[in-house]
Amino acid sequence: MDGGIASLPLLHVDGLSVDFVTREATVHAVSDATFNLKPGEVLCLLGESGSGKSVTLRALMRLLPEKRARIAGKVTLGGRDVLALQGNALRSFRGGTVAMIFQEPMTALDPVYTIGQHLMEAIRRHKGGSRAEARKRAIELLDLVKIPSPERRIDAYPHELSGGLRQRAMIALALSCGPQLLLADEPTTALDATVQIQVLVLLRRLQKELGMSTIFVTHDLGVAAEIADRVAVMYAGRIIEEGPVDDVLRAPLHPYTAGLLASTVHDQSPDQDIAAIPGSPPDLRRLPPGCSFAPRCAKALPACNDGFPHPTYPVADRMVRCWRALPL
């Protein structure tokens, strides 16, 4: 992690919980998530599908439906209480202070508007200025994200661009108003391997050049190792391990994190079976009273079924929620 990063957090999340309430049941999508993000730092939320990563991002940006989503806890960004924002303050917060790169740009971009119209609307909404000034800035942004011939591409519709160029346009849109915090929700999942690498390199370069704090959601350990300063591992809506990315990936403290690392094909011979984690994630409508991972854990203790462990800090800058956690 960059030693020049300021010590005070830009983002402070304390006990964030998100429940989706329906007539049939309550889904506990995120439970008691707590973490900090420093200026210029990249935090990667790591975990399998359904672990609560994307819901966490949407809660931070206040994009969840208010009638169905029940949010508790505290979220402070740059000294502002995010969960208390309303009206114009909330609209200015989205895009101006925090912006998101979505997983699939074809569903995030409006097909009846050109790329330039998307960018110009955001720029004028948050920064003001004339249409000519907004168009000039939009071309500069397309050039910044390495879209070829930006003067021509600005008038293209989303369907006229390849998947990689659409994702670059989405990145340009997210950066258009100079946000302090960038949220990236698996932005390379729908791209082929070569384009994935190009987009990851671009994101990391822009993050460093612009000094943005970033939260990057992925289930890919390789992506986390490439782009993150810190990693927070999520399982069944809870953060169960957090620390510097190199430390977590080299010496995991939680059995689930160790299971994720063992279930990859990296450094394994072709004739070796992948050590998959047995079983399935729990039903978020009916979470067990103890550790959510206990039914799948080969190292489970009797205490694991009685209550969910509190956060412990066995070494400096490392957090784990496991009854078996011991100091390194």
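The structure displayed is predicted, hence computed values, not measured ones.

Reading the values: rules and limits
Residues numbered from 1 in each chain as written. Predicted model: local features only at pLDDT ≥ 70, side-chain atom pairs only at ≥ 80, totals over all residues. Heavy atoms only, no water. Phe/Tyr/Trp six-rings, centres within 6.5 Å; stacked < 30°, edge-to-face > 60°. Helix = DSSP H or I, 4+ residues; strand = E, 2+ residues; numbered from the N terminus. Buried < 20%, exposed > 50% of the residue type's maximum accessible area, 1.4 Å probe, protein only. Pairing = 2+ DSSP bridges. Contact = heavy atoms within 4.5 Å. Axes fitted to C-alpha atoms, helices over the stretch in contact; angles between N-to-C directions.

Structural notes on the packing of aromatic side chains
For the coordinates displayed, the defined rule picks out three aromatic pairs. Each ring, one from Y235 and one from Y256, has its centre 4.6 Å from the other, and the planes form 55°; the classification is tilted. With a gap of 21 residues between them, Y235 in strand 9 (residues 230-235) and Y256 in helix 11 (residues 255-262) connect regions that are remote in the sequence. Neither residue differs from the other here; Y235 and Y256 are each classed as buried.

Describing the sheet that holds strand 2 (residues 26-37)
The four strands lie next to each other as 2-1-4-5, forming an open sheet whose pairing is antiparallel. On the outer flanks of this sheet lie strand 2 and strand 5 (80-81), each paired with one strand and no other. Note: strand 4 (residues 69-77) against strand 5, two bridges, orientation antiparallel. Opposite L77, over in strand 5, you have R80 as the bridge partner. Sheet contacts for helix 1 (residues 53-60): strand 1 (11-21), strand 2 and strand 4; angle to strand 1, the most-contacted strand, approximately 110°.

Side note on the pairing of strand 1
For strand 1 and strand 2, the ladder comprises eight bridges, and the chain directions are antiparallel. Counted as the bridge partner of V13 is F35 from strand 2. Taking the residues between adjacent antiparallel strands as the criterion, strand 1 and strand 2 are bridged by four residues.

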